Amino acid sequence: MTGVQSESGVLAGDERMLIDGELQQTAGGVMFDVVHPATEQVAGQATDGTVSDMTRAVGAARRAFDTTHWSRDTEFRHHCLVQLADALEAQKERLRRILVTEVGCPISVTGSQIDEPINELRHWAEHGRTFPYEIDNGVHETPLGPARRKIFYEPAGVVGAITPWNVPFYLNIAETMPALMAGNTVVLKPAQLTPWSGSELGRIVAEETDIPPGVFNVVLSNANEVGAALSADPRVDMITFTGSTTTGRAILGAAAPTVKKTLLELGGKSAHIVLDDADLSSALPLAAMMACVMSGQSCILSSRILLPRSRYDEGVDILKASMQGFPIGDPWTPGIMQGPQISATQRAKVLGLIASGVDSGARVVTGGGVPANLPVGYYVQPTLLVDVDPNSPVAQEEIFGPVLAVTAYDSEDEAIGIANNSIYGLSGEVSSGDVDRAVAVARRMRTGNVTINGKSHFGIGSPFGGIKQSGLGRRNGEEGFKEYLESKTVGMPV
Ligand code: ADP
């Protein structure tokens, strides 16, 4: 098979952004190209918005927040978000093709990237409708006599949402819909490589819903400075961001002068501790699959596998067989589970980290390069690196590729020490025949979330986020909705 598509469904998305209710191009009509990663061909274009466009969008969001009833009318917001969910549902096959075109992810694995986020939008619409925005905090004694206190939960204000390219439709929804339902107004800045998942959302909001002008804006741009302008704008109350830790630091810095609230979901280098009593035949094929599906371009991936020395060779053999058999190829072909990396730059970064692992003493057991039968498209072979030094770059840096780094350990304490030897703390896994033992290990892992025996921690009903340099704040669950609200305590006569 070559990278040239036999049954390609390549489809370009809308080129326009949405500012103050108007679908529009930037002044002067400058465009940037969007490339299909499986063919390396330009699939279409998007308008290349400027700082001036961003400034207008923030102004529109500010005005909509300050002067319309959006922030105070929960029933109207619910109506608009259900309208949006219905419209997205009606157009979801178009959205699916556009997503595969700009990301290169296999069409077979788009359920979690298209269908699930639409369900999540419905969840937020309902959650926000029934949320207790006003609670009685009881009577409190004060030096001036008793006071009744009430707590009101109110929207943060204007929310800037900056999203990455790995799961763009999902993250556009995940970052902006709880914000909208909580009563905020939003400016979304999608990633350069994947503008269309954002522009299509803007188009559908404008064409199919009653969401008022200025409440939801989408600014497309090929320039990082446009996202930076959003983070720095004093009229923005909160920034929500998913992406690399490097960019997260820049956003936090830009937000600091105006003390903006930030919700940051950043990088990860999660460890999977396989205990000596684990069922390797179920744990490790799943670990290999998670590393390859989405081409490893996932922040919650357990990219470090820690195997007990007593079962090291057995574990390596299972991982090797699973990775060698993994279905990689044309993302439009049903059954394919791994497509290309998103860009030549990302592929070069992945190959560079594999090479650095070898330089620091690791062995490539399978993969390690570009598949010979896929010369076109930014493909990387599923790659298993063993005998990895836990301090080497390949064990410390987020790879964002289909690569597992395996290290042996001798004791449970040593395994936990290696797992915690990271600037990141996003996710993690434990496999064991004894769930209580696994939970005890999970509790000692310095990370925001842990999966035990393949039972995922991730989903809309439960808080998700990182510690250390993996981020600030939580998405999903009750915590995830409250992030977009501020509490206001009001004291009053009893
Ligand atoms: P990558 O480097 O892999 O493209 P990033 O985490 O840098 O991923 O990018 C995620 C998002 O952050 C994109 O929408 C990008 O435009 C935006 N971005 C990049 N640099 C900045 C910045 N300095 N300030 C705000 N947003 C930025």
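Residues numbered from 1 in each chain as written. Predicted model: local features only at pLDDT ≥ 70, side-chain atom pairs only at ≥ 80, totals over all residues. Heavy atoms only, no water.

### Side note on the packing of aromatic side chains
Under the definition given, this model contains eight aromatic pairs. When the centroid spacing of 6.4 Å and the interplanar angle of 65° are considered together, the rings of Tyr170 and Phe458 count as edge-to-face. Taken together, the residues Tyr170 in helix H5 (residues 168-181) and Phe458 in the loop between strand E19 (451-452) and strand E20 (467-468) connect sequence positions 288 residues apart. According to the relative accessible area criterion, Phe458 is partly exposed, its value standing at 31%. (Phe/Tyr/Trp six-rings, centres within 6.5 Å; stacked < 30°, edge-to-face > 60°. Helix = DSSP H or I, 4+ residues; strand = E, 2+ residues; numbered from the N terminus. Buried < 20%, exposed > 50% of the residue type's maximum accessible area, 1.4 Å probe, protein only.)

### Focus: helix H9 (residues 280-292)
Between its first and last C-alpha, H9 extends 18 Å over 13 residues, near the 18 Å set by a 1.5 Å rise per residue. Taken as a whole, H9 has its buried residues at Leu280, Ala283, Leu284, Ala287, Ala288, Ala291 and Cys292. All buried residues of H9 project into a common sector of 155° when viewed along the axis, lining one side. Downstream of H9 by one or two residues, Met294 has phi in the positive range, about 65°. (Expected span 1.5 Å × (residues − 1). Arc of directions from axis to C-beta.)

### Thoughts on the site of the ligand
Around the ligand there are 18 residues in total, and Thr163, Lys189, Gln192, Ser244 and Thr247 lie nearest to it. Here an oxygen atom of the ligand and a side-chain polar atom of Gln192 are 2.6 Å apart. One of the backbone N or O atoms of Ser244 is found 2.7 Å from an oxygen atom in the ligand. Its free accessible area being 560 Å², the ligand has 79% of it covered by the protein chains. (Near = heavy atom within 4 Å. Polar contact = N/O pair within 3.5 Å; in protein donor to acceptor, adjacent residues only side chain to side chain. Areas by Shrake-Rupley, 256 points an atom, 1.4 Å probe, with all protein chains shown as cover.)

### So, the environment of Leu374
Along the chain, Leu374 turns up in the loop between strand E14 (363-366) and strand E15 (383-386). In this structure, the C-alpha to C-alpha distance between Leu374 and Ala38, residues 336 residues apart in sequence, is 9.3 Å.

### With respect to the sheet that holds E15
Within the open sheet, the seven strands sit side by side as E14-E15-E16-E13-E12-E18-E19. Their pairing is mixed. Pairing within the sheet leaves two strands with one partner each, and these edge strands are E14 and E19. Here four bridges tie strand E12 (residues 270-274) to strand E18 (residues 428-431), and the two strands are oriented parallel to one another. When the bridges of E18 are listed, Ala271 appears paired with Gly428. Seen against the sheet, helix H11 (residues 344-359) touches E14, E15 and strand E16 (403-409) and runs at an angle of roughly 25° to E15. (Pairing = 2+ DSSP bridges. Contact = heavy atoms within 4.5 Å. Axes fitted to C-alpha atoms, helices over the stretch in contact; angles between N-to-C directions.)

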